[in-house]
Structure formats: C-alpha cells, structure tokens
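Working through the structure, step by step
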Amino acid sequence: MTATAGGLEALAAARQERPSTLAEATEALQRADRDRERILFLGGGTELTLGAPPDGVEVLLSTERLERIVEYAPLDQIVAVEAGVRLASLQDVLARSGQMLALDSPWAGRATLGGLVATNAFGPRRTRYGSIRDLIIGISMVRADGTEARAGGKVVKNVAGFDLPKLMVGSLGTLGFIATVTFRLHPRPETERTVLFPDLDADAVRQVALALRQAQLEPGAVAALVHEGGDDLGVRFDGRFELGVRFEGFEAGVRQQAMKLLDLATGQRWRAESIGAETARAFWARHDDARESSAGFRAKLAAQPMDLERVANAAIGSLFAALEVPRCVCYPTLGLAFVAGEVRIAGQVAAAVSAAREAVPEGSVVIHAAPPDVRAAVDVWGPPPAALPLMRAVKQRLDPARRLAPGRFVGGL
Amino acid sequence: MSAPSLVTPAPAVEAIPAPPSVIDRLIAVVGERNVIRDRDDLRTYECDALTSFRAAPSVVVLPASTEEVAAAVRIAVEAGMPVVPRGAGTGLSGGALPVPGCMLLGLSRMKRILEVDLDDGWIRVQPGVINLDVSKEISAAGYYYAPDPSSQSVCTIGGNVAENSGGAHCLKYGFTVNHVRGVRMVTSTGEVVDLGGPVLDPPGYDLLGVVVGSEGTLGIVTEVVLRILRKPEATRTFFATFPSTDEAGLCVSEIIGNGIVPAAIEMMDRLAIQAAVAATGVDWPDVGAALLMDVDGCTAEAEHTSEVAVGIARRTGALEVRVPKNEDERMLMWKGRKSAFAAMGRLSPNYIVQDGVIPRKDIARVLSEIARLSQEQGLRVANVFHAGDGNLHPLVLYDARVPGQEKAAEELAGEILRICIRFGGSITGEHGVGADKAPYMGEMFSDADLDTMAKVRCAFDPATTFNPSKVFPTPRLCGDRPGPYHPHATEVAGLADRG
C-alpha cells in the first residue's frame, strides 16, 4: 500500500484483523457490528485504489490467512477455495490434474480469489471463457450483521434460489465479506499457438475481431497493445496496435484455426505471422507488463467492440495525450481496454477522462488508480447508473448501517 | 412442513373478482379485448405446465409495450393486488401459477424483435418472443442463440430469463444468465429501469445477474438484450448404447476427464429409450442405457474430439456406436431425446417430471439409490438426463387410478430431491423452484441463506407484489428492522397453504 493511493493513508491507523477460519472471520464481523466499526476487506491489495476512498475505516479485515482449498473435485471440475487463496497457487494445484480456472487476470501471484471476485478482474481469456460471473457457481459470505450465508452451490447447473454469487462479483466488499468461493473449472489446453499482427490501425483491429467470428474461429485469447511507436519524447498514441490472437486446445484444431486466420489475413492484406512459442511468450509478457506495471493512473474503458476506431481516437488518444509514459491494452472482441500512465498535470488527465466519457456515452470509463487531485476533479465511476436507486436499496438491505467500505462504490454506496 | 403436492389436481381456487374500477382503468390502458375477466376465459390461465397446482387469477392483462406493463403494475400496486407474470406457460415448477386475487400479466403479445447487431453480437427482443424464433431471425446470417431448453419451439425469452433456462447444450455454452446482456424492467413501483445493456461491465452492482433466474419475483422484464453466437463450423454427433447406466456413466467421466468439453452429453436409461422409440419411431435397440453426444467447434477439433470420444465409448463398454450419416439422421436422434418427457405417456398413464442436480462423479451411486427407491415403492422410474453436468430428470411413472400410487409417486419424487441435496447437489437445475419446490428450499438452504435472499427480494419489491409465494418456503414481509417472523397476509387467510 502506498501513500499515493488516493486517500488510503488513513488505513494505516485501522485495526488489523487476520482471521484464519471462517468462524474467526464471522466473529470479527460480529465484533465490528457490535462496536459499529467500519470495515475494509483486504485481499492481495492489487486493486485497493479501485473506487473512491472509503470513509473512516476502523478495521482492516485481511484474508491472508484464509488460504485453504476447501474442496477440489477434478471429476466434477469444480473447486471451492477460501477467499485468501492466491490465483497462481490455485492454478498450480489445478494444473497437476490437467485443469485450470479460466481466469488469467493480472498479478496472479498476489491477487486472491476473494479479491478477484470483488473486483470482477479478468484477462485475455475472457474472450472465450467469459468473466468471473460465468465461472463462479457458489459463495459463502458473512453479512455486515455477522450472519453467515451461502448461495449457489457446488454443481455447475443450479437454479435454486437467487444467484447471489453474481451479485457479489464486482461489489468491491460493500455488500458482505466473501468467505469462500466455488468455481467451475476447464481442462488445460493441450497446446496453443499465437498469430501476431505486428502493425494494424484501429479499424483493422476491429475488422480482425469481426473476421474471427465470421470465420467461425474460436480463439482462447485476443489482445491488442498500442504499437511501440512515438518519437524521442516517448510513447505517443499513433493509432496503431500490435494484435495477438491465441488459439488453444487440441493440436489439430489449433493448427487449423491458425492457418485459417493467416489465410484470411493474406486475403485482406493484413500483415500477420504465426509466431513460435518464444516470440508468443514475449508478446504475452508485454501484455502482462502493460496490465501490471505500477502506474499512477489506470482506467478501464468499455464500449461496443465495433466502435473501436472512435474509442481509440477520442478516448484512448486523449488519455495518451494527457499521460506520461502511457500504455494501453485493448480487448477488441470484448470492447474493453485499459489505459495506464503517470500523471503530470492532474487537470489535463481529468479533462481527458471527461472527454473519453463523452466519446463513449453508451459505455463507461472507470478509474482504477489516480492521485487525489484527479479524483477531486472527476468521479472515478462516472455518471451514476440508471439503476442506482435499486442498487442503493440492495446496499441498504444488506448493510443498513453503511459499515462495509462506505462510499467506495458507485454513487457513494 | 408437509410434502408438496406434485400431482394431485387441487380444486382450482375460484377467482376473486377484481374491483370494477381496476378493470376500467386496465381497459383504458390496454383496451377491452386485452383485459380478460370472464370466469371461463380466466381458467386458461389457472396453471402452467405443472397442472397439479391451479388457481384462477382475478384478471388477466395482455400488455403490448413497456409503458402498458408499467401502467398495469401501478394499477395493481394501488389496488393492493399481487402481480404474476406469465410467458408461454410451459414452466414445470408452477412459476406462473396465479395467486388468489392476482393480476396475471401475460406477456405473449410482446413478441417483437426490436434490434439486431450481428457485428457486436447481440439482439434486443421483447419477452414474448419464442426462444427458437431468436435463432431463426439470425440463422441466415450464420448466427444463433445458444440456450436450447427442450420446449424451445414454444417457450418465451421472458420465461427463460425468469427461470434461467438451460438445455442440452448448456454444458459447453452456459445457461440463459450467461447470454443475457441486459434487460429493461418494470419495478415494483411501476418505474422502468435498464439493467446492463450491450456494452460489458457497466459500473454498479450486477443486478442483472440476480434478476435472471429470480422467477418473476423482482420485476417484470419487458425487453431483453441477448448475446448471439456464430454457429460453430462443425458439429459431430454420435449415439452409443451400453449394457447399463454404469458403463454409460463411466464413459461420460472418461470423456470429460480427457479434456473434452462436449457441446452436450445426454443419457437415457432403458425405460426412457423405450419411450422415445414408442413416441418418435427412432430405431434404438432395447438396451440398458444410451448416450447422445454433440461435439462442436472448428472442423479439425470436432473431428478429433469426436474420434477420441468414440474410442472412449468403445473402451468403456459400448455395445454399439452410431454416427448419423446426415443432418436428417442427426435431427431424428435429437428428436428422440427431446421428446423423451412427452413420450412417457406411451409407457404410463401418469408421470412426474423431476429435476435435480448431483455432482457428475456420483451419477452411478445416485442412480442405484433411485433404483432402490423405485423397487421399494414398486414404481418405475425412467431416467433422462444431461449427464455432462449431472442434471437428472427422473420420471416417476404411476397410475392415478390405483389407490395410493399417486401419493407414493409424490413421495418418491421428493425423496429423489433429498438424495440430490445429500450428495451436495441442487433441487433444481433448470425447471426452477416456483410453487412446486419452495417447500424444499429450507432443506437445501439454511434460514440465514434464505433470509439473505429475501433481503435482496425486499430491496426490489418491499411489498411482495411480484409473484408472491414462489421460491421462498415461507411468505415473508419486508420489515425495515430485524424482528420476529410475521406471517404473510395470504397465509393468514389460508390461501397460501400448500398442504
């Protein structure tokens, strides 16, 4: 946790709770309920700056000691984990049975499953496997009043009761404490191959994304990085991308799909190559680096995939112009992108955020990290959603005294 | 709590007439012919596909737009009437069962496809659109809508959203909830709100995720944005017969254990095979079990996985493996499977369709427990199920003319749910809780679990206007403070008793 984390300095004074069992976590929440203390849940701390700084947190409840795999049933392809289990260590265990959680979000070594659920994290595999809401099948939570509750279960197909696991995805610790989570798993692909398009403009990236679908290709991961262009003054957005399309699965299918995409590219005069394992690793490492390297400012953009050119020019372009050492990872099949960089003049960055929001009125620009002076100038979440009254009602029912990360979420929830 | 009445055709509760002022106001909104209040006409709506529960609504309203739905809801709220939504009435759990004194909102007139965006991969439809019509609309362009409940040629998208419907192909492609990007919904205050939309990850709570599958208890959905998919390049299908469900179950486990994610794997036991043969004329042999499996994807992958899977079937004891020679043969195989429920009528005068889920690895153990119960009760149980995800559909066969058989069948069907709970599964994989399984919710979930769900329900609908007495085992009031349990008004009046 750094002092630049946008008003999170106050957390240093908070009392730390580090329960090692669900029972201890429940006791901690009951104590806080009795003493009317405000709580912030802490996982790996990788997205602590997401949202507005919570008001007057008195207790930091860390999941670092809740790190047991509660149940792993390879034959049923499900795993139940305590909230503090780290993504990378879970993947190691699953790999021994030839399986994986189809989630390749950043900071896998540090990020915890509870935190990943709370922040709705994702990586390039989302294009094929969906997001956490498509992988989560059960949850046990502890409410603000210290009541333990479960929803969902440990079978993938289950429509008994409300789907509260989905409600908890992305709720940022404002509705309850995520104690254990159950996920569905997928087989680890036998092999993989990446087709690289080293230099495309935004419209060509959009066309490739569309062509993938029209050609019935089913890539396992798709990501575009801003081309390492620019001038001596540093990276500047020149509207050009480096696009990687990874096919994964059984050898026969992977080979056929890569060939088909290369043929398509030739027909469209897009420069493309099927790259070897080492070059592929280097591309995906650049992707990871662009997502993970520490940055004073980080924002997530969402729009319709086919609007990529407009998003690139108006939204990504204006943020690049305002940031120092800017970088961008774009997921063109999803219509999602992350832009990061350092803030030189807060007013310029805030203005660029506003410009980006105006450029994608049907989408969103959410600030994941920014210094306080940027936060003071623009709302980190953007305009309140139309359903805010319902969201407020849900918060009111589950956390009536506003003790769970108060003020952190959308609309001051 | 008494066992639910799964089959006994309860005498329909007579309609409580709606006040004339309510009728007049509704007519002003939707027109004379779309307000049904004649006693005989109302009977059409007194149950859904679970015919053992019946109750006549006070009035049926057939709105044609979001605005009309909102106006009707406001009228109901002001009159203190419960509101029960209904799609095509194909639900198997009594989700569209009227509650006494209710306004039933029939959404079948709202069947327009509003907007198609193939390039961004979505379609916006009204709730009364038939599931299969979504795929038909976009089929020529090579796209389809993935969730495929067996009733897909008649059931509506609105009903699918309410029930979070599945289907044979949800093993690979997911359920309705994985394919709904957004809804427009009329809230319990009669306001119109959009949850989600075509763009991913809108800031805020994922209320959409809770609304899908909430069985009409949180709001009335009037528009739905669905994700649409490009048809896969190739599909390979095979049908394999086995001496018993043990070998067939082992085959399923091995296929999945080999890293294959089939688009669908369906299992049928001897009775189910016999019924399908009798009903559809498929030339399936009289064997202990059969598997019907689809793999899809790019051609090379589909061919590879199908080859591996066929090899596994042979190795695990398949008597015969058939590969359809053309699309017609393939469709006939699927027709045999999809008609299996209705086909039971050929084997037995009456039957109960059950829906439960177990961990896949326990299929053999659970089937032998079901067989034991079947023997004890002297009742036949046919098994048709989505083997890939452990979703069982045991069909309990009985003859209502034989004294005591119906009750025994009900008990057996209930015991099967208890087996599912005991093995860590679920009391419903796709048919929903509705009125039918509400009494079992307390066996699957603790009071605290249900209380947490009820809190969410209260956030959306504090007066319990929408579809009361569904999903939850005990009607609840939404007090603003925690306190002693208050019985619901309908319970006090003896109307919500399920005995």
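Residues numbered from 1 in each chain as written. Chains lettered and ligands numbered in written order. Predicted model: local features only at pLDDT ≥ 70, side-chain atom pairs only at ≥ 80, totals over all residues. Heavy atoms only, no water.

Let's shift gears to the overall build of chain B. Of regular secondary structure, chain B possesses 17 helices and 19 strands. The C-alpha radius of gyration of chain B comes to 23 Å, within 12% of the 23 Å expected for a compact globule of 499 residues. Taking the principal axes of its C-alpha atoms as reference, chain B extends roughly 70 × 60 × 45 Å. Per-residue burial over chain B gives 63% buried out of 499 residues. For chain B, the proportion of contacts with a sequence separation of at least 24, taken over those separated by at least 6, is 71%. (Helix = DSSP H or I, 4+ residues; strand = E, 2+ residues; numbered from the N terminus. Rg over C-alpha atoms; globule rule 2.2 N^0.38 Å. Buried < 20%, exposed > 50% of the residue type's maximum accessible area, 1.4 Å probe, protein only. Contact = heavy atoms within 4.5 Å.)

For residues besides glycine, phi is generally negative; the peptide bonds are generally trans as well. Residues and elements named next belong to chain A. Not every positive phi belongs to a glycine, and Gln77 is a case in point at roughly 55°. Here Gln77 lies in the loop between strand S4 (69-73) and strand S5 (78-82). Positive phi is not limited to glycine here, since Trp107 has a value of about 55°. Along the chain, the position of Trp107 falls in the loop between strand S6 (99-100) and helix H3 (113-119).

This brings us to the interface of chain B and chain A. With 95 residues of chain B at the interface, the matching set in chain A holds 75 residues. Interface of chain B and chain A: buried area, both sides summed, is about 6,700 Å²; carbon and sulfur atoms make up 58% of it. Among the residues chain B hides against chain A, the three largest losses belong to B:Asp201, B:Pro203 and B:Tyr205. Together they make up 12% of the total. The interface formed by chain B and chain A includes 8 salt bridges. Here B:Glu430 ties to A:Lys157 by a salt bridge, and the two come within 2.8 Å at their closest N and O atoms. Our count for the contact surface shared by chain B and chain A stands at 31 residue pairs in polar contact (both at pLDDT 80 or more). Mapped by element, the contributors of at least two residues to the side of chain B that touches chain A are helix H6 (170-173), strand S9 (192-196), helix H7 (207-211), helix H10 (299-315), helix H15 (441-444) and helix H16 (447-460) of chain B. When residues of the side of chain B that touches chain A are assigned to their parent elements, the largest contribution, 11 residues, is made by H16(B). Class assignment for the residues of the side of chain B that touches chain A results in 46 nonpolar, 27 polar and 22 charged. (Buried area = accessible area lost by both parts, 1.4 Å probe. Salt bridge = Lys/Arg side-chain N within 4 Å of Asp/Glu carboxyl O. Polar contact = N/O pair within 3.5 Å; in protein donor to acceptor, adjacent residues only side chain to side chain. Nonpolar A, V, L, I, M, F, W, Y, C, P; charged D, E, K, R; others polar.)

This brings us to H10(B). Compared with the 24 Å implied by 1.5 Å per residue over 17 residues, the 24 Å span of H10(B) between its first and last C-alpha is a close match. By the burial criterion, the buried members of H10(B) are B:Ala300, B:Glu301, B:Ala302, B:Thr305, B:Ser306, B:Ala309, B:Val310, B:Ile312 and B:Ala313. Check the buried side of H10(B) and you find it contacts strand S13 (240-249) and helix H8 (251-268) of chain A together with strand S12 (234-242), helix H8 (245-257), strand S14 (289-297) and strand S15 (320-322) of chain B. Phi turns positive one or two residues past the end of H10(B), at B:Gly317, with a value near 110°. (Expected span 1.5 Å × (residues − 1).)

Let's shift gears to the pairing of strand S9 (residues 177-184) of chain A. Residues and elements named next belong to chain A. Within S9, 8 of the 8 residues are buried, leaving the element largely enclosed by the surrounding structure. Alignment of S5 against S9, held across 5 bridges, turns out to be antiparallel. Looking at S9, one finds that Val81 is bridged to Val181. Strand direction decides the pairing type here: strand S7 (residues 136-142) and S9, joined by 6 bridges, are antiparallel. Residue pairing for S9: Gly138 is matched across the bridge by Thr182. (Pairing = 2+ DSSP bridges.)

With that settled, the discussion passes to empty space enclosed by the protein. Under the criterion given, the structure shown has 5 cavities of 30 Å³ or more. In this structure, the largest cavity spans a volume of roughly 290 Å³. Together, 25 residues line the largest cavity, and A:Val156, A:Asn158, A:Asp163, A:Lys166 and B:Asn164 are the ones closest to its centre. Elements with a contribution of two residues or more to the lining of the largest cavity: helix H5 (132-135), S7 and helix H6 (164-168) of chain A. Its residues assigned to classes, the lining of the largest cavity comprises 11 nonpolar, 8 polar and 6 charged. Roughly 210 Å³ of volume is contained in the second largest cavity. As for the second largest cavity, its lining consists of 21 residues, of which A:Asp76, A:Gln77, A:Val156, B:Arg360 and B:Gly388 are closest to the centre. Broken down by class, the residue content of the lining of the second largest cavity amounts to 12 nonpolar, 4 polar and 5 charged. (1 Å grid on protein atoms, 1.4 Å probe; cavity = no way out; pocket = protein on both sides within 12 Å on 5 of 7 lines; lining within 4 Å. Points joined across faces, edges and corners; volume = space filled by probe spheres on them.)

For the rest of this paragraph, the subject is the packing of helix H13 (residues 363-377) of chain B against helix H14 (residues 405-422) of chain B. Residues and elements named next belong to chain B. In the contact formed by H13 and H14, the axes pass within 11 Å of each other and the chain directions differ by 160°. The angle between the axes of H13 and H14 places the two elements in the roughly antiparallel class. As H13 runs across H14, the sense of the crossing is right-handed. Packed against H13, whose contacting residues are Val366, Glu369, Ile370, Leu373, Ser374 and Gln377, the element H14 presents Ala408, Glu411, Leu412, Glu415, Ile416, Ile419 and Arg422 at the interface. Of the residues assigned to the contact of H13 with H14, the class counts are 7 nonpolar, 2 polar and 4 charged. (Axes fitted to C-alpha atoms, helices over the stretch in contact; angles between N-to-C directions. Parallel < 35°, antiparallel > 145°, perpendicular 65-115°, else oblique. Left-handed = near helix turned anticlockwise from the far one by under 90°.)

Residue and element names in this part refer to chain B. Chain-level pLDDT for chain B is 91 on average; 93% of the residues reach the 70-or-more range. Overall, residues 1-8 carries pLDDT values under 50, and its contacts beyond four positions in sequence, including any with other chains, amount to 27 contacts. A low-confidence stretch, residues 481-499 (pLDDT under 50), is modelled with 25 contacts involving residues beyond four sequence positions or located in other chains. For this predicted complex, the interface confidence score (ipTM) comes to 0.96, while the overall pTM stands at 0.94. (pLDDT = per-residue confidence, 0-100.)

Per the counting criterion, the structure on display carries 60 salt bridges over all chains. Residues A:Lys154 and A:Glu71 are paired through a salt bridge, measuring 3.2 Å at the closest nitrogen-oxygen approach. Of this pair, A:Lys154 sits in the loop between strand S8 (148-152) and H6 while A:Glu71 sits in strand S4, and the two are 83 residues apart along the sequence. On the basis of relative accessibility, which here comes to 28%, the residue A:Lys154 falls in the partly exposed class. Here A:Asp307 and A:Arg310 are joined by a salt bridge, their closest N and O atoms 2.9 Å apart. On the accessibility criterion, A:Arg310 (37% relative accessible area) is partly exposed. A cluster of three or more residues bridged by salt bridges with shared partners is formed by B:Glu115, B:Arg124, B:Arg184, B:Asp194 and B:Glu223.

Counted under the stated rule, the structure contains 9 aromatic pairs over all chains. Arranged with centres 5.5 Å apart and planes meeting at 90°, the rings of A:Phe162 and B:Phe472 form a pair that is edge-to-face. Within this pair, whereas A:Phe162 is found in the loop between S8 and H6, its partner B:Phe472 is found in the loop between H16 and helix H17 (489-492), the two belonging to separate chains. The pair formed by A:Phe162 and B:Phe472 is uniform in burial state, with each residue classed as buried. (Phe/Tyr/Trp six-rings, centres within 6.5 Å; stacked < 30°, edge-to-face > 60°.)

Turning our attention to helix H4 (residues 131-139) of chain B. All names here are of chain B. Looking at H4, one finds that the buried residues are Asn131, Val134, Ser135 and Ile138. Seen from one end, H4 has its buried residues packed into an arc of 90°, which puts them on one side. Among the structural elements, strand S5 (113-117), strand S6 (122-125), strand S7 (143-144), helix H5 (157-163) and strand S10 (220-227) are those in contact with the buried residues of H4. (Arc of directions from axis to C-beta.)

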